[in-house]
Amino acid sequence: MAERNVHFKGFFGRKSLFSMLSITSILFMLSLLFVLRTTGRRHFFYVNVLPKSKILALSDEGYSQSSSQPLKKYNLFKCNPSKQVLKVYMYDLPPQFHFELLGSKAEGKSVWPDIRKTVPGYPGGLNLQHSIEYWLTLDLLFSEFTDNSNGRSAIRVHNSSEADVVFVPFFSSVCYNRFSKLKPIQKKSTNVLLQEKLVEFLTVQEEWKRSGGKDHIILAHHPNSLLDARMKLWPAIFILSDFGRYPPTVANVEKDVIAPYKHVISNYGNDTSDFDSRPTLLYFQGAIYRKDGGSIRQELFYMLKDEKDVHFSFGSILKGGVKQATSGMHSSKFCLNIAGDTPSSNRLFDAIASHCVPVIISDEIELPYEDVLDYSEFSIFVRTSDALKENFLINFIRSITKEEWTRMWERLKEIENLFEYRYPSKDNDAVQMIWQAIARKVPAINLKRHKYSRYSRAPVSNERGQKSFPLPKNIL
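With an unreviewed UniProt entry as reference, the chain is termed Exostosin GT47 domain-containing protein, source organism Anisodus tanguticus. In its Subcellular location (unreviewed entry) section, UniProt records this for the chain: "Golgi apparatus membrane". Of the chain, the UniProt comment under Sequence similarities (unreviewed entry) reads exactly: "Belongs to the glycosyltransferase 47 family."

Enquirer: Describe the overall build of the chain, naming the residues involved and giving the relevant values.
Expert: In terms of regular secondary structure, the chain is built from 13 helices and 13 strands. Residue burial in the chain is summarised as follows: out of 476 residues, 45% are buried. In the chain, the share of contacts with a sequence separation of at least 24, taken over all contacts with a separation of at least 6, comes to 64%. Surface exposure of the chain reaches about 26400 Å², of which carbon and sulfur atoms provide 55%.

Enquirer: Account for the sheet that holds strand 11 (residues 332-338), with residues named and values stated.
Expert: Across the sheet, which stays open at both edges, the 5 strands sit in the order 10-9-11-12-13 with parallel pairing between neighbours. Looking along the sheet, the strands with just one partner apiece sit at the ends: strand 10 (310-314) and strand 13 (380-381). Seen against the sheet, helix 6 (residues 296-304) touches strand 9 (280-286), strand 10, strand 11 and strand 12 (357-361) and runs at an angle of roughly 135° to strand 10. Against the sheet, helix 7 (residues 321-330) engages strand 9 and strand 11, with an angle of about 160° to strand 9.

Enquirer: Please set out helix 7 residue by residue, giving values where relevant.
Expert: Residues of helix 7 that are buried: Gly321, Ala325, Thr326, Gly328, Met329 and His330. The secondary structure elements touched by the buried residues of helix 7 are strand 9, strand 11 and helix 8 (347-354).

Enquirer: Can you lay out the packing of helix 2 (residues 132-142) against helix 12 (residues 430-439) for me, pointing to particular residues and giving the numbers?
Expert: Helices that pack against each other are described as a pair by the angle of their axes relative to one another and the distance between those axes. As a packed pair, helix 2 and helix 12 sit with axes 10 Å apart at the nearest point and diverge in direction by 85°. Between helix 2 and helix 12, the angle is such that the two are roughly perpendicular. Here Ile132, Trp135, Leu136, Asp139 and Leu140 of helix 2 lie close against helix 12, whose contacting residues are Val431, Gln432, Ile434 and Trp435. When its residues are assigned to classes, the contact of helix 2 with helix 12 shows 7 nonpolar, 1 polar and 1 charged.

Enquirer: Run through the side chain of Lys255, naming residues and quoting values.
Expert: By secondary structure assignment, the location of Lys255 is in the loop between strand 7 (237-240) and strand 8 (257-258). Classification of Lys255 by relative accessible area gives buried; the value is 9%. One polar contact links the side chain of Lys255 to the main-chain carbonyl oxygen of Ala236, over a distance of 2.5 Å. Polar contacts involving the side chain of Lys255 include one to the side chain of Asp256, which spans 2.7 Å.

Enquirer: Describe the pairing of strand 11, listing the residues and the values that go with them.
Expert: Taking burial as the measure, the 7 residues of strand 11 include 7 buried ones, the bulk of the element. Strand direction decides the pairing type here: strand 9 and strand 11, joined by 3 bridges, are parallel. Counterpart to Thr280 in the pairing with strand 11 is Ser332. Note: strand 11 against strand 12, 5 bridges, orientation parallel. In the sheet register, Asn337 faces strand 12, and the bridge partner there is Ile360. Taking the sense of rotation as the criterion, the β-α-β connection linking strand 11, helix 8 and strand 12 turns out right-handed.

Enquirer: Tell me about the sheet that holds strand 5 (residues 165-168), residues and numbers included.
Expert: An order of 4-3-5-6-7-8 is seen for the 6 strands of this open sheet, with the pairing classed as parallel. Edge positions in the open sheet fall to strand 4 (154-157) and strand 8, since each of these has one partner strand only. Relative to strand 7, strand 6 (residues 216-219) runs parallel, the two being bridged by 3 bridges. By the bridge assignment, Ile218 is partnered in strand 7 with Phe238. Those strands touched by helix 12 are strand 3 (86-90), strand 4, strand 5, strand 6, strand 7 and strand 8, and its axis lies near 95° from that of strand 3.

Enquirer: Could you give an account of empty space enclosed by the protein, naming the residues involved and the relevant values?
Expert: As enumerated under the stated definition, the model contains 2 cavities of 30 Å³ or more in all. The space that makes up the largest cavity amounts to roughly 50 Å³. When residues of the lining of the largest cavity are assigned to their parent elements, the largest contribution, 3 residues, is made by helix 13 (residues 442-452). Residue classes in the lining of the largest cavity are distributed as 4 nonpolar, no polar and 5 charged.

Enquirer: Run through the nonpolar core, naming residues and quoting values.
Expert: In terms of nonpolar packing, the biggest core is built from 108 residues, with Phe312, Phe334, Leu336, Val359 and Trp435 touching the most fellow members. If near-sequence neighbours (up to four positions away) are discounted, Val359 is found in contact with Leu282, Phe334, Cys335, Leu336, Asn337, Ile380, Val382, Leu393 and Ile397. Grouped together as the second largest cluster of nonpolar side chains are 7 residues, Tyr283, Ala325, Cys335 and Ala351 included.

Enquirer: Report on helix 6, specifying residues and quantitative values.
Expert: Each α-helix winds once per 3.6 residues, and so residues spaced three or four apart point in a common direction. Turning to helix 6, its buried residues number three or more, namely Ile296, Arg297, Leu300, Phe301 and Leu304. End-on view of helix 6: buried residues confined to an arc of 140°, all on one side of the axis.

Enquirer: Please set out the environment of Asn224 residue by residue, giving values where relevant.
Expert: Along the polypeptide, Asn224 turns up in the loop between strand 6 and strand 7. Those residues within four positions of Asn224 in sequence are excluded, and the remaining contacts are Tyr176, Arg230 and Arg245. Within polar-contact distance, the side chain of Asn224 engages the side chain of Arg245 at 2.6 Å.

Enquirer: Please set out the packing of aromatic side chains residue by residue, giving values where relevant.
Expert: All told, the structure shown has 23 aromatic pairs when counted by the stated rule. Through a chain of ring-to-ring contacts, three or more aromatic side chains come together here, namely Phe99, Trp112, Tyr122, Tyr134, Trp135, Phe171 and Tyr421. Directly above the aromatic system of Tyr246 lies the positively charged group of Arg230, at a separation of 3.9 Å from the ring centroid. The ring of Trp409 carries Lys413 above its face, with NZ or CZ at 3.6 Å from the centroid.

Rules and cut-offs
- All chains use their own residue numbering, which begins from 1 and follows the written sequence.
- Local features in this predicted model are restricted to residues of pLDDT 70 or higher, and side-chain atom pairs are both shown and tallied only at a pLDDT of 80 or more, whereas totals for entire chains, interfaces and linings draw on every residue.
- Side-chain numbers here rest on the full set of heavy atoms in the structure, without hydrogens or water.
- UniProt positions are given in the numbering used here, feature names are shortened, and annotations may be inferred rather than shown by experiment.
- Secondary structure follows DSSP: runs of H or I at least 4 residues long count as helices, runs of E at least 2 residues long count as strands, and numbering of each begins at the N terminus.
- Working definition: with a 1.4 Å probe on protein chains only, accessible area under 20% of the residue-type maximum means buried, over 50% means exposed, and in between means partly exposed.
- Any two residues having at least one pair of non-hydrogen atoms within 4.5 Å are treated as being in contact.
- Computed with the Shrake-Rupley method and a 1.4 Å probe, the accessible areas treat only the protein chains shown as cover for residues.
- Following DSSP output, two strands are said to pair if at least two bridges run between them.
- Note on geometry: axes are C-alpha line fits, over the in-contact stretch for helices, and angles between N-to-C directions span 0 to 180 degrees.
- Working rule for angles: under 35 degrees goes down as roughly parallel, over 145 as roughly antiparallel, 65 to 115 as roughly perpendicular, anything else as oblique.
- The residue classification treats Ala, Val, Leu, Ile, Met, Phe, Trp, Tyr, Cys and Pro as nonpolar and Asp, Glu, Lys and Arg as charged. All others, Gly included, are polar.
- By the criterion applied in these results, polar contacts are pairs of N or O atoms within 3.5 Å in which, for protein atoms, one can donate a hydrogen and the other can accept it, and in which residues neighboring in sequence qualify only through two side-chain atoms.
- The handedness of a crossover follows from its direction of travel: if, with the strands pointing away from the viewer, the path from the first strand over the helix to the second runs clockwise, the crossover is right-handed.
- Only protein atoms enter the calculation, which uses a 1 Å grid: trapped sets of points that fit a 1.4 Å probe without letting it out are cavities, open sets showing protein on both sides within 12 Å along at least five of seven lines are pockets, and any residue with an atom within 4 Å of a point is a lining residue.
- Grid points are joined across faces, edges and corners, and a volume is the space filled by probe spheres set on the points.
- The set of buried Ala, Val, Leu, Ile, Met, Phe, Trp, Tyr and Cys residues whose side-chain atoms join them within 4.5 Å is what this entry labels a nonpolar core.
- Here the arc refers to the directions that run from the helix axis out to each C-beta atom.
- Here is the rule: rings of Phe, Tyr and Trp (six-membered ring for Trp) pair when centre to centre is within 6.5 Å. Planes less than 30 degrees apart are stacked, more than 60 are edge-to-face, and the remainder are tilted.
- Over a ring means this: the NZ of a Lys or the CZ of an Arg is within 6 Å of the ring centre and within 35 degrees of the ring normal.

As structure tokens, this is what we get:
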């Protein structure tokens, strides 16, 4: 009897243990299924449904493809600027801000010259290198007289609410070059007076107030142009040659656009030269004694002046200087572009026009369109600290093979059009490339503008501890 009780208890214990394990396993499986339903399904929805869903989708053609909604055309510019023409609203500033600075008079009460009859000329010499505002303004005016939009990156619109950006046609560079000196009866120069008037005009405009100036395009390509107004107009997008004389809070590569200089020397048309037919290895002609970061020019001059196949000398545009530089660059393999008073100089773009491989020694330089153009394909970059090491630069240049040089030379001929200013403008020339660079800024402009207007309709709160958000004001 005792044996039966022991056997029964052992059997019952094993059965109970098996039952408990089975119940535990079932509960574990049910818990696992619950977790998968709550997390796995969400994971599946996001990964497998949304990317392929037609709900809220925007196709390449710019149409909503929701199955429950009819096809709707969108303005896709904000999403894909490369597929849309930039819409530009241009202020009708009085002629004293633009073409009158060139000595041109508009007919009657017209603000603009009739460019269908005569295109006002631009002062020659070194004035030309900073003439960017002239070419962009002409391009906008011309866009109103042509139905052909092929190759066109920007058009003028007359309703600012339709515009992607607002263009300010102030010829600031020529204003500095020609009107920065005081006349006998003046207390302030014309350059300063026009800047004051510009600030006064812009900051009361509804277009400026609407965005705080963030969607405005202001040109100040000469490093000393707009010197008095830049600290007041800093929210705008500046078109500059470099950032050498700007604090980073006022101008920087994220906010602003670097535009190429207009080259001064002549293009090398029908270039049939090659590595062996260009006798000069390394060429530099220009101002040698410079201040700020340009002191490297003097040091390199003493290091290189006695090298037999190097041309390193002082030069200017006077006494046939441009003609001499044209001949020298066209017959050189490499052309030095060294930092001067500011990080950039026109010499880089003279070299490109000459198909002379640029050797860039300027640590702080910013280059036009570098987000879409790889300069290392046709230029040599040398750090300043390396260039000043004895024999480093000359040995490095001599080590570049004929094949390497030829590849860069061929690439120069392919991309030189990107740096050419023309009227009328042509597909992918400098004018169109600048408009495209501005277009690539538009999504960031819209982000800032939309954040700026978040609380524009919110009432001002007087409750303690809460912040009030006033309507947008100008920056003055």
